[in-house]
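Each chain, written out:
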Amino acid sequence: MTDASMDTPRPRRAKTSLVSEDARTKKRNAAEKRFQAYGIAAIATGLFFLAVLAFSIVRSGLPAFTTTVVDVNFTLTQEQFDEAEGQLFKTKAYSGYFITALQKKLEAENVQVAFDEAAIERIMGKIGGTLREYYTANPDQLGQEVAFKLNASSRVDGYFKGRVQRETLQDSRFLTLADLDLVDALAEAGIVHSAFDWGFITGADSGVDNPGGAGIGASVVGSFFMMLVVLFLSLPIGVAASIYLEEFAPQNRWTDMIEVNISNLAAVPSIVFGILGLAVFIQFMHLPQSAPLVGGLVLTLMTLPTIIISTRASLKAVPPSIRDAALGVGASKMQSVFHHVLPLAMPGILTGTIIGLAQALGETAPLLLIGMVGFVARGYPDGFISGFTDPNSAMPAQIYTWAARADQAFYEKAWGGIIILLIFLLTMNIIAIILRRRFERRW
Amino acid sequence: MYDAPHTERDVDQQDIKISARKVQVYYGTTHAIKDVDCDIEDKTVTAFIGPSGCGKSTFLRCLNRMNDTIDVCRVEGDISIDGEDIYDKRVDPVQLRAKVGMVFQKPNPFPKSIYDNIAYGPRIHGLAKSKADLDEIVEKSLRRGAIWDEVKDRLDAPGTGLSGGQQQRLCIARAIATEPEVLLMDEPCSALDPIATSQVEELIDELRQDYSVVIVTHSMQQAARVSQKTAFFHLGNLVEFGDTGKIFTNPVDSRTESYITGRIG
Amino acid sequence: MPVIWLIVIVLALAAAGFILGRTRAMQSAGGDSRHLHSLPTYYGSNVALKAVVPAMLLMVVWLVAQPFYVNGVVSGMIPDSAIADGSSRGLVLAEVRRAADGLDNAVAQGAISEEFARNARADFTDVTTRLKEAGQIVTTQITQPVLRAAQEYRVINATGNMIMSGVVILVALLGVFWGLRETNKDFRARNVVEKSVMALLIAAASIAVLTTVGIVLSLIFNTIEFFRLYPASEFFGSLTWAPSFGGGSELGVLPLLWGTFYISLVALIVAVPIGLFAAVYLSEYASKPVRSFAKPMLEVLAGIPTIVYGLFALLTIGPMLLSVFGPDGTGWMGGQRAVITAGLAMGIMLIPFVSSLSDDIINAVPQAMRDGSYGLGATKSETIKQVILPAALPGIVGAVLLATSRAIGETMIVVLGAGAAARLSLNPFEAMTTVTAKIVSQLTGDSDFASPEALVAFALGMTLFIMTLGLNVFALYIVRKYREQYD
């Protein structure tokens, strides 16, 4: 049978020393190095993309947190007030006083620059109207020095942030080259400068014509109410479903069907959930459009599979001996699960829930279809219940709205919104990691 | 048919193939092999026996530097093959492993055809000049692995579809195909039934004509059947090393005696 | 919000029932809980469950059913003559609802009196103007039939809500009495409570099935409606996508499918090699510190919301590519929105998806395979290329299919980065559009839901759902088979 013993095998390999590489080994080792290099290159590319992404978010988003303000100390006397109120063009009179005051101030600082009322209006808006409004409302301030903090126009803001450049600027009714000289002079005198923009964080969305006034605060509130809905629906439902599937479900068709459904729902595109929300919650059940309640319901359905999958994993990780121990002292199956298994699995369940919530928080596509994008969230909801039912926006929807607007000044806001969104996501993920580290139990 | 086992063959004047001096192996902080000295002869079957966790497999894996693939493992001391230190910096473990083949505890055919399983080694080492040449190597290796007749009609079938014993012989044939000089076998029969075991044992005896074979085994009977030299390991120490007949009939060390009489292990 | 109050009342009844049930059980046992069959809290829970569950179920059913009934009644009030040409009954009904909401809100603000809201006649007073003054959004002039219907709508709804509140509270009370009557020391409260809890658990688990049913139904009904208005052969056969809301649209799905596949292809060309090589390196070569740094870093890419990638495509990748391939460079690219822009962003998004799935799959290949190969003197790369990857191939194919399904269903990146023009072209530097992008644009416009231009979105959604479902089922099947092989 074995003829090998009859003829000695012809040696194919020359006897070589181990310490010297032959040509073939050299070639193979070179291939090995190349292959490793591909791997390193792949990882480097991935990390490079991450770095570029992070860089563009930070670079383009940070300016959204500052705004250009004009600081002017201005005194209006009672006589001036009376005189202005007696004139036909009242706001013009106020502008006149302001310009005179500003000129004096610049002379005192030894800055030589010429300007007129139109230029001032292009830089800091209709100053006359602002002043008149202020002094009519606060007549007691007359004769005293008042520190006015005015927002510069969005073009001037853009000039400060590098969005508007001298070389490419064409004189228009919004801004001229001469204005920029004035702005430079004012900046040198410390009158115009950048300041942190609380309005962006706390404010509501503005109209399409006022990028400077747009803030993300209202949509943060919208997202918050949506997440409340998601948390209070998906956590109990998800945990209940997981307990049933992991602890009680008999092996039958219905159970199989539920399992298949869950794993498939986890991979259904989010836009399809949007269609579901539109058809069922809005068309069929007539729930209000653009309401955080509806957004929350849709996101709940989307998040459920994630939560169920992670909850089942945590339940599975609790060793059967715990269940047996409870049953052994006469507890019912239900008691053993609710008194022993569930508390032990809780850290894992919470971690999974937070991660699911973080996913839901960043989800945009379904919100487009239930009308959270067309809506301009101009204000905060006026109560707890109306927080759920009144139309509002949500963070990612707000970001999309800004990105879709024609005025490029909104892009900066969109990037800024992304920073806020990512801060929320990061916080949630860090909490999840801490929870896992702190309470993770290895059996 | 196979000849009767050649256990009575004269084993005295053989060349030393592998020599190990003061070998220490650490897994992290665990000292797994302590001060092992051992000479393994050419054209001989050497058996490593000992209780579980005694370090016999670990020592075997040092001989072709398979331990390199484990991060926490550290080897000290000298091991040389034909007088060349295999832990020398200039030695490429890949070249070494071509010279020192290995067969594992569980049969591990690649999820490829039987033909490709055998041809894998010759292909990566460039042993075949042509397709016909490769066919010849495959046939010869399968014949030497004593499995040719069983698989010659289905060389395209996946190797994973064979029975356990066939798989293990396939793995041996696969190791032979690269024409190693030493063949290491790590409990090659532990996953096999008695019939498959005896087939593999016959094969091992067959292979002794051309190779130095080192076999780790749990079974003392197996060691007695196939080997000419036996080394007894205990708690990381090489307790006793000598002719198989002598170890089993007249051991020097009391621990060896306890082990072969079944009191420890 | 009366529904909220209703819920609060029912919950309060349940809480009262809980305390009563517990007390009654204790009394029946003579104050010694050892004589009870179950723990006292179970008796309380039994009563509370009987108060809450039937009442809440009734409320939910009522809330869903009432709009149908109201719509039916109101719809009957609108004569055919009141439906203008080019409009439909559905549109008029929507107008009725808007008018009714407007009246409600105006009353709530105090802009009009309840009396006025109930009895005003559109042919005598200018209801429209008054509503508009009250800040309500009323689209067109409210005609008398619409106003009558809206007034009726308000009345029926108000009556309905009142009856519902009464019935729900009654049911809750009955539940409390039922539970209390059962309560005595021999009653097996624990078993009953546990059975009810079990039913709730099953109901929760069945929500997954309900969701799928909801998706399928909402897609199917609207898709059938669409095909009634627009021939299916045109939808699947036409090479043009040109919706026009005036009518006469051409709604061929093929250009959209082409855009979807082309962009997904670009994404996969980016993601698969990078993801796969990264996974191979991380699982086979990388030292522990490198792995523990690079792996989570790559996974950060997976945690970033898609809107961020969309913005990244539109505002970073697009302009970057444009500066190289645009009019100032090679001149291949017309605008920053293009197949390659969206494809690149999507590819970056998919890298961690491919790499972590492949990583799992490569790790599932048994160590014995690697040992066998190393034992024959193979190098690591030879082992990977000739043993591990072939062994892991089915799993990797499954992972790539899952990634494809992700790419096909991705919305935000293509909405922002790919463009709006449907085109059948091979040039990756041109703007194209996808199924998902068109679902968004057809459903977010101001069109009415009854027009084929809006309904086509549901047919597109159906196409998308079937494609991704098929891919997912197939991919999960492959991956599961693969896992079983090595278990």
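Residues numbered from 1 in each chain as written. Chains lettered and ligands numbered in written order. Predicted model: local features only at pLDDT ≥ 70, side-chain atom pairs only at ≥ 80, totals over all residues. Heavy atoms only, no water.

**Digging into the confidence of the model for chain C**
Interpretation of this model should avoid reading the predicted coordinates in detail wherever pLDDT is low. Residue and element names in this part refer to chain C. When pLDDT is averaged along chain C, the result is 86; 93% of the residues meet or exceed 70. In the model of chain C, helix α5 (residues 127-133) stands out as the element of lowest mean pLDDT, 70, in contrast to helix α9 (residues 254-285), which has the highest, 94. Complex prediction metrics read pTM 0.84 and ipTM 0.87. (pLDDT = per-residue confidence, 0-100. Helix = DSSP H or I, 4+ residues; strand = E, 2+ residues; numbered from the N terminus.)

**Let's talk about the sheet that holds strand β3 (residues 192-196) of chain A**
Residue and element names in this part refer to chain A. Judged by pairing direction, the sheet is antiparallel, and its three strands sit side by side in the order β2-β1-β3 without closing on themselves. In this open sheet, the two strands that pair with only one neighbour each are β2 (145-151) and β3. For this sheet, the mean inter-axis angle between neighbouring strands, taken without regard to orientation, is 40 degrees. The pairing of strand β1 (residues 66-75) with β3 spans five bridges and is classified as antiparallel. (Pairing = 2+ DSSP bridges. Axes fitted to C-alpha atoms, helices over the stretch in contact; angles between N-to-C directions.)

**Quick word on the packing of helix α14 (residues 380-409) of chain C against helix α17 (residues 452-486) of chain C**
For any two helices packed against each other, one specifies the inter-axial angle together with the distance between the axes. Residues and elements named next belong to chain C. Viewed as axis vectors pointing N to C, α14 and α17 meet at an angle of 160 degrees, and their least axial separation amounts to 8 Å. In terms of orientation, α14 and α17 fall into the roughly antiparallel class. For the pair α14 and α17, the crossing hand works out as left-handed. Looking at side-chain class alone, the contact of α14 with α17 contains 17 nonpolar, seven polar and no charged residues. (Parallel < 35°, antiparallel > 145°, perpendicular 65-115°, else oblique. Left-handed = near helix turned anticlockwise from the far one by under 90°. Nonpolar A, V, L, I, M, F, W, Y, C, P; charged D, E, K, R; others polar.)

**Quick word on the interface of chain C and chain B**
Each partner contributes residues to the interface: chain C has 17 residues there, and chain B has 22 residues. Both sides of the chain C and chain B interface together cover about 1,600 Å² of buried area, and 64% of this is carbon and sulfur. Interface area lost by chain C to chain B is led by G375(C), L376(C) and Q386(C), which between them contribute 36%. Here chain C and chain B share one salt bridge between them. Between D371(C) and R61(B) there is a salt bridge, with its nearest N and O atoms 3.7 Å apart. At the boundary of chain C with chain B, the tally comes to four residue pairs in polar contact (both at pLDDT 80 or more). At the level of elements, α13 (367-375) and α14 of chain C are the ones that each hand at least two residues to the side of chain C that touches chain B. Broken down by element, the side of chain C that touches chain B gets its largest block of residues, seven residues, from α13(C). Split into classes, the residues belonging to the side of chain C that touches chain B amount to eight nonpolar, seven polar and two charged. (Contact = heavy atoms within 4.5 Å. Buried area = accessible area lost by both parts, 1.4 Å probe. Salt bridge = Lys/Arg side-chain N within 4 Å of Asp/Glu carboxyl O. Polar contact = N/O pair within 3.5 Å; in protein donor to acceptor, adjacent residues only side chain to side chain.)

**Some remarks on the pattern of salt bridges**
For the coordinates displayed, the defined rule picks out 42 salt bridges over all chains. Between K17(B) and D82(B) there is a salt bridge; the shortest N-O distance is 3.0 Å. Of this pair, K17(B) sits in strand β1 (residues 16-27) while D82(B) sits in the loop between β4 (73-81) and β5 (84-85), and the two are 65 residues apart along the sequence. What makes K17(B) buried here is its relative accessible area of 5%. When salt bridges that share partners are traced, they join R291(C), K295(C), E299(C) and D359(C) into one network. (Buried < 20%, exposed > 50% of the residue type's maximum accessible area, 1.4 Å probe, protein only.)

**A word on the interface of chain A and chain C**
Taken residue by residue, the interface counts 73 residues in chain A and 84 residues in chain C. Here chain A meets chain C over a buried area of about 6,700 Å², counting both sides, of which 81% is carbon and sulfur. Counting every contact that joins chain A to chain C gives one salt bridge. Across the salt bridge formed by E382(C) and R28(A), the nearest N and O atoms sit 2.7 Å from each other. Remark: the boundary between chain A and chain C carries 10 residue pairs in polar contact (both at pLDDT 80 or more).

**Here's the deal with the domain arrangement of chain C**
As far as domains go, chain C holds domain 1 (2-187) and domain 2 (241-486). Computed from C-alpha coordinates alone, the two centres of domain 1 of chain C and domain 2 of chain C are separated by 46 Å. (Domains from an automatic or database assignment.)

**Description of the sheet that holds β4(B)**
All names here are of chain B. Taken in spatial order, the four strands line up as β2-β1-β4-β5 in an open sheet, and their pairing is antiparallel. Of all strands in the sheet, those bounded by a partner on one side alone are β2 (30-41) and β5. Inspection of the sheet shows β1 paired to β4 by eight bridges, in the antiparallel sense. Bridged to S19 within β4 is S80. Those strands touched by helix α1 (residues 56-63) are β1, β2 and β4, and its axis lies near 120 degrees from that of β1.

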